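Residue strings, one per chain:
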Amino acid sequence: MAIRDEKILFFDGACGTNLQRMEIPPSAWEGRDGCNEFLNVSAPEVIREWHSSFLSAGATVLETNTFGANAIVLSEYGLADRVAEINRAAVGNAREAIRKAGGAAYVAGSIGPTTKLPSLGHIAFQPMAAAFAEQAKALIEAGADLLIVETCQDLLQVKIALISCFGVVEAMKRDVPVMVSLTIENTGTMLVGTDVAAALAAIEPFPVFSVGLNCATGPEGMTSHVRYLCRHYRGRVSCIPNAGMPQVRDGKTHYPLSPEAFAAQLAAFVRDEGVSIVGGCCGTTPEHIRKLREALEGIVPSPRNVVEKPSLSSLYQAAEIRQEIPPFLIGERCNANGSKRFRDLLLADDYPGALRVALEQQEDGAHAVDLCTAYAGRDEQADLSAMVRLFAQSVQIPTVIDSTTPDCIEAALKIHPGRCLVNSVNLEDGGKNLERVCRLAKTYGAAVIALTIHEKGMAMTVEEKVETARAIHDLAVHRYGLRPSDLLFDVLTFTIGSGDATLVDAAATTLAAIRRVKEELPGVSTLLGVSNVSFGLSPASRRVLNSVFLHEGVAAGLDAAIIDAGKVLPMSKIPERDREVCLDLIYDRRKSEAESPLYAFIRHFADLKPAEEKSAADANLPAIPPEEELAEKVVAGDKDGLEDLLSILLSRRPAASIINQLLVPAMRRVGELFGRGEMLLPFVLQSAEVMKRSVDILAPFMEKAEREEGRRVLLATVAGDVHDIGKNLVDIILSNNGYRVVNLGIKVPAETIIEKARELRVDAIGLSGLLVKSALVMRENLPQFAAAGLRVPVLLGGAALTEKFVAQECVPGYPGPVVYCADAFAGLSAMRRMDEGTLSSTAFDAAGTAPAMTPGPRGAAVARDNPVPAPPFLGARHVDRIDPRELFPYVNEQALFRGRWGYRRGKMTAEAYEELVRGKVRPMYEDLKRRGVEESLFAPKVAYGWFRAFAEGDTLVVEHDGRAWRFPFPRQKTPPHLCIADYFRTRAEGGDVAGFFVATIGEEMTRATQALFTSDRYHDYLMLHAFGVEVTDALAEYWHETMRRELGIAGERPPAFSAYVVQEYQGSRYGFGYPSCPDLSAHEPVFELLDPGRIGVTLTESMEMVPEQTTSAIVVHHPQAKYFAV
Amino acid sequence: MKKYICTNCGYVYDPAAGDPLSGIAPGTPFDELPPGWICPICYAPKSQFDELE
Ligand SMILES: [Zn+2]
């Protein structure tokens, strides 16, 4: 069988750690102690014996003992001139071991990373490439069946090794597969900071046999990276882990994973993810490989569902060319010809200053940055090389190498570790440069921008543009070996602002050509230098026209744009009329006989001044009285120029009057708009920020007595509850509507509330709490308040409360008004009724309200003979290396956008809502995801475990380590009378297995959200907090899936997120404190079983988990188990 | 017929499918759901549903 046809390849185990255990005659080292590669020639029998031990364990691929057998490493032992000899001997030793065993196995030539890091400038491209080429040639000549470039720590080293290996393979005309194996540290990146997506983007253009991981950690530590590769790389994926994370015991390195555990973890990657090359790295013995073969007996790798994402990358991260929300923005300002600032910095040899221009564009949201250093009188190659080196180390987004000189392009490609985009090729010279640059792109794995320019000049008509693109495509793909996805076509656009009659349809022509290129050349992307369209027009109007044109381009299929990323206006910020005038110009639509679209455009924008801060929309507003302007600013949530406006107003009326006569009524109007569904919660919070900022500015102009006007409200989240978002929203709304709020924080006991209420003589008390238990705490607090003599109104809010519960269970316990408030505005309205003297307790009319239904599984009795799957292990484990980006696909976007953030469609048209989501909500979401990762707001960790368990009536008994824990679960009081214990077998039925997990995204998110609240950034506070809550939920969803997979009941991945919502999978997870098991006291045994202290999660005295963004659940495998409420 | 989504959990009420978990027959428009109907997944009240595009 050919190697490419083998279903699973079994590599051998460790070299170094096993050689250390073997008896090597001291004389064999010849003074070169530690140079294992030398043993190939000095003690071949030892090496053959090592190979034999793995052959008899069942390895089907032997790696040669040549990890460091290159000139760079061997020169440290004075062996630089014996590279070929040592590699030859090494292949011979492996072959001899195979011959002696009489078996068939493949020989893989091992190529290690050397001791130098080229990304950090330790070594240049050429000497490193020469060393790899020499080794690869010797290995292939000696008969290696494949090469493995392994333990890669530096992305540039990977590329140099691949370019060298493929150079040799091509020159020798041999079909030798080349594997790449990366080493990703437990920090989640390669040694120099590259994440798996960035590495894959740079490697996948090469014709490698497989991409995978080895060393650094055990299999578990590789989970998220292995998943990423299996889901986004079309070729084979390899996994060759250590026997766990090395630990030092008694001064000796020890690898903790037993052969059984190692085999089970690694086999799961084959079974569940489709890994098809496995083996062992440091600490793995022949026994590890034997167990691995046993574990995979009769197993075929799971079929994979690969979604390729053509990407560029920096040294650190990848950027997809096809953005989820196009376009891919390429910053244009690092161009010596296009930007005077950048040119001046370059002319002054101020490279760090020039680098700052790139970093600014990264800040502005560019996905990649263009770099052009060609300028008359300068040495382009020297400048470009120096800048690329700086970019490679300091810029997080990929680099676009902008040059017309192939030598300069090649010099840059040799320096940059990531996957670059080359700007650009065309057919102006008949194709000479095109050939050279396409071949460079092929060799170095880069992508290429192609301009539709042919020998007669720039293509002007749609037909010409498409034909030129096709000609370039055919050469690049069929002759020079690039893939369509490596190409980005710029069909060029020309200004429609010059009045040139031949160019009036230039923009429309470009849009039509983009459409046709996308249709007729499948797989390619399109790109445009957008700002060309508006040359000759005023700067302020250009910004609007460019933005509208870009929007039209995206609609036509444009994928990428070279543009000043900071100057793109979202469509929602461009007034309808401005947009129309732009569209008339773009499509040359003449609206009147007298006036051309261009003249109409110029006249319309005549008064538009260039404005950095203000949007075009603001600049168009006519002057209005300052009183009205302030009210409009509150409603619009606009803080710009607030100080100036308030100082004008202060000259006309006192501060207190500005607040009471202008600001409070404006906020009242905001509340009305919200109440009618005409304003969404996030905008309300922006209005509240304007209010707060205004009051802060006005405070110094008021008397103390004036500042203390207004009724006082005490707010608290009740004892045992750490959730404060609801209470803080009430704080924001009340304090910005003229009430003075005393916010006591979270977990506030009744005694403290009573004490503070008396001391501060508050006019009302507001209690909040998210948990089911908190509703009960509120009910218990009220008689205590009554006994302490309090009579002020008490407002109650929280997710678990209902009007009925408040009216029937809470109102009777307190002599004053007790009022149910569904949200912060209901709280405001209650306060207003109190002011008017019309506030009364919540009443519940059972006759007028239908009882809530009880949805849930119904009908069939719970099957007792459901098979019990075998747990992968028993006991608890802790996982602290989860890449937050793995979680984002599990985020419930609908619940986040519409529910937590409040971006509901309500009365909007479907189109308006789609525009809101596309133009505002989704970009904010993307930005939060990016920031969450960059600012390390997430540290996802999980404590989980599998345990033997059985049902005993309504109680689940969990047994572990000779002890038993009891989980009494409540039973529904109405049919079908379900209880979680029903889903488990009794002891007599043979017992069962239960899973538990505690999952957290860590403390940092709580700190970051708290900081936003205290600095009055209400809008950002809600957005970030809600995002954190949903990512925590996503972690639970992700981990539940992981646990189902461990149990072998995962089945097919649900096709869309909506399938997770309705539990289209086997089994269920029930969160403690939620409707199926509201009692938090179950946390006590859960914490004894899982020890979540090891992932930084602790319990409060009232059994709540800290940090706030933590969730827990019991995992039930029974197919009939689904959500229900007791 | 118009579909509605639960803003709390993302469950979609599709009139064509009804809601078997609550015994709602296929073909029941959202507006004609009984007054006590709640989200079958997260128990949010009807007022928390939003029209889907
Ligand atoms: Zn729901």
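Coordinates for the structure precede this section.
### Here we look at the overall build of chain A
Part 1 of the argument: If you tally the helices and strands in chain A, you get 39 helices and 36 strands.
Part 2 of the argument: Expressed as a percentage of the 1126 residues in chain A, the buried residues total 57%.
Part 3 of the argument: Counting contacts in chain A only where the partners sit at least 6 residues apart, residues at least 24 apart contribute 76% of the total.
Part 4 of the argument: Total accessible area on chain A is roughly 44,700 Å²; 52% of this is exposed by carbon and sulfur atoms.

### What about the packing of aromatic side chains?
Residue and element names in this part refer to chain A.
Part 1 of the argument: For the structure shown, the criterion picks out 30 aromatic pairs over all chains.
Part 2 of the argument: For the pair tryptophan 50 and phenylalanine 54, a centre-to-centre distance of 6.4 Å together with 85° between the ring planes defines the contact as edge-to-face. Pair noted here: tryptophan 50 and phenylalanine 54 are both in helix 3 (residues 44-57), with a separation of 4 residues, about one helical turn.
Part 3 of the argument: Residue class for tryptophan 50 comes out buried when judged on its relative accessible area of 2%.
Part 4 of the argument: Ring geometry for tyrosine 925 versus phenylalanine 1027: centroids 6.0 Å apart, planes at 85°, classification edge-to-face. In this pair, tyrosine 925 sits in helix 35 (residues 910-934) while phenylalanine 1027 sits in helix 37 (residues 1018-1047), placing the two residues 102 residues apart along the sequence.

### With respect to the sheet that holds strand 15 (residues 399-402) of chain A
Residue and element names in this part refer to chain A.
Part 1 of the argument: What the 8 strands build is a closed barrel, ordered 13-14-15-16-17-20-21-22; its pairing is parallel. With direction set aside, neighbouring strand axes in the sheet form an average angle of 25°.
Part 2 of the argument: The sheet contact formed by strand 13 (residues 328-331) and strand 14 (residues 368-371) spans 2 bridges and is parallel. Across the sheet, residue glycine 331 finds its bridge partner in strand 14, namely valine 369.
Part 3 of the argument: Strand contacts of helix 18 (residues 506-520): strand 20 (487-490) and strand 21 (525-529), with the helix running at about 160° to strand 21, the strand carrying the most contacts.

### What about the coordination of the zinc ion?
Residues and elements named next belong to chain B.
Part 1 of the argument: Looking at the zinc ion, the protein donor atoms are Cys6 (SG), Cys9 (SG), Cys39 (SG) and Cys42 (SG), and they sit 2.2 to 2.3 Å from it.
Part 2 of the argument: If you look at the zinc ion, its 4 donor atoms make angles of 103 to 116° with each other, and the shape they trace is tetrahedral.
Part 3 of the argument: Site description for the zinc ion: donor spacing in sequence, C-x2-C-x29-C-x2-C.

### Focus on the pairing of strand 17 (residues 447-451) of chain A
All names here are of chain A.
Part 1 of the argument: With 5 of 5 residues buried, strand 17 is to be regarded as a mostly interior element.
Part 2 of the argument: The two faces of strand 17 match: Ala447, Ile449 and Leu451 on one face and Val448 and Ala450 on the other face are all buried.
Part 3 of the argument: Relative to strand 17, strand 16 (residues 421-425) runs parallel, the two sharing 4 bridges. Note that in strand 17 the partner of valine 422 across the bridge is valine 448.
Part 4 of the argument: Chirality of the crossover, the property in question, places the unit of strand 16, helix 16 (residues 432-444) and strand 17 among those that are right-handed.
Part 5 of the argument: The sheet contact formed by strand 17 and strand 20 spans 4 bridges and is parallel. Bridge pairing in strand 20 links leucine 451 to aspartate 490.

### Thoughts on the interface of chain A and chain B
Part 1 of the argument: Listed by partner, the interface residues are 24 residues for chain A and 26 residues for chain B.
Part 2 of the argument: For the pair chain A and chain B, the summed buried area comes to about 2,000 Å², and 58% of that belongs to carbon and sulfur atoms.
Part 3 of the argument: Contact with chain B buries area across many residues of chain A, yet Met853, Pro855 and Arg898 of chain A alone supply 30% of it, more than any other trio.
Part 4 of the argument: On the surface where chain A and chain B come into contact, there are 2 salt bridges.
Part 5 of the argument: With a closest N to O distance of 3.0 Å, aspartate 50 of chain B and arginine 898 of chain A form a salt bridge.
Part 6 of the argument: At the surface where chain A touches chain B, the tally comes to 12 residue pairs in polar contact (both at pLDDT 80 or more).
Part 7 of the argument: At the level of secondary structure, the elements contributing two or more residues to the side of chain A that touches chain B comprise helix 34 (893-900) and helix 35 of chain A.
Part 8 of the argument: Among the elements that take part in the side of chain A that touches chain B, helix 34 of chain A stands out by supplying 4 residues, more than any other.
Part 9 of the argument: When its residues are assigned to classes, the side of chain A that touches chain B shows 15 nonpolar, 5 polar and 4 charged.

### A short note on the packing of helix 9 (residues 223-232) of chain A against helix 37 of chain A
Packed helices, taken two at a time, are described by the angle between their axes plus the distance between the axes.
Residues and elements named next belong to chain A.
Part 1 of the argument: Running from N to C, helix 9 and helix 37 point in directions that differ by 85°, and their axes come no closer than 14 Å. Here helix 9 lies roughly perpendicular to helix 37, going by the angle between them. Residues Ser224, Arg227 and Arg231 of helix 9 pack against Tyr1038, Thr1042 and Arg1045 of helix 37.
Part 2 of the argument: Split by residue class, the contact of helix 9 with helix 37 holds 1 nonpolar, 2 polar and 3 charged.

### Focus on the sheet that holds strand 2 (residues 61-63) of chain A
All names here are of chain A.
Part 1 of the argument: On the basis of which strands lie adjacent, the open sheet formed by 8 strands has the order 1-10-7-6-5-4-3-2 and parallel pairing. Looking at the sheet topology across the chains shown, the edges are occupied by strand 1 (9-10) and strand 2.
Part 2 of the argument: Here strand 7 (residues 236-240) runs beside strand 10 (residues 277-278); their pairing, made up of 2 bridges, is parallel. Bridge pairing in strand 10 links cysteine 239 to valine 278.
Part 3 of the argument: On the sheet, helix 9 packs against strand 6 (210-214) and strand 7 and is oriented at approximately 180° with respect to strand 6.

### Topic: unusual backbone geometry
Residues and elements named next belong to chain A.
Part 1 of the argument: Put simply, asparagine 423 and serine 424 share a cis peptide bond, and its omega is 15°.
Part 2 of the argument: Note on placement: serine 424 falls in strand 16.
Part 3 of the argument: For the bond from proline 975 to proline 976, the omega torsion is 5°, close enough to zero to count as cis.
Part 4 of the argument: By the element assignment, proline 976 lies in the loop between strand 31 (963-968) and strand 32 (992-1000).
Part 5 of the argument: Phi angles above zero are rare outside glycine, and lysine 747 is one such case at about 55°.
Part 6 of the argument: The residue lysine 747 is located in the loop between strand 24 (740-743) and helix 29 (750-760) in this model.

Rules used throughout
Residues numbered from 1 in each chain as written. Chains lettered and ligands numbered in written order. Predicted model: local features only at pLDDT ≥ 70, side-chain atom pairs only at ≥ 80, totals over all residues. Heavy atoms only, no water. Helix = DSSP H or I, 4+ residues; strand = E, 2+ residues; numbered from the N terminus. Buried < 20%, exposed > 50% of the residue type's maximum accessible area, 1.4 Å probe, protein only. Contact = heavy atoms within 4.5 Å. Areas by Shrake-Rupley, 256 points an atom, 1.4 Å probe, with all protein chains shown as cover. Phe/Tyr/Trp six-rings, centres within 6.5 Å; stacked < 30°, edge-to-face > 60°. Pairing = 2+ DSSP bridges. Axes fitted to C-alpha atoms, helices over the stretch in contact; angles between N-to-C directions. Donors = N, O, S within 2.8 Å, 3.2 Å for Na, K, Ca; no water. Tetrahedral: all angles 85-135°; square planar, octahedral: opposite > 155°, others 65-115°. Right-handed = clockwise from strand over helix to strand, strands pointing away. Buried area = accessible area lost by both parts, 1.4 Å probe. Salt bridge = Lys/Arg side-chain N within 4 Å of Asp/Glu carboxyl O. Polar contact = N/O pair within 3.5 Å; in protein donor to acceptor, adjacent residues only side chain to side chain. Nonpolar A, V, L, I, M, F, W, Y, C, P; charged D, E, K, R; others polar. Parallel < 35°, antiparallel > 145°, perpendicular 65-115°, else oblique.

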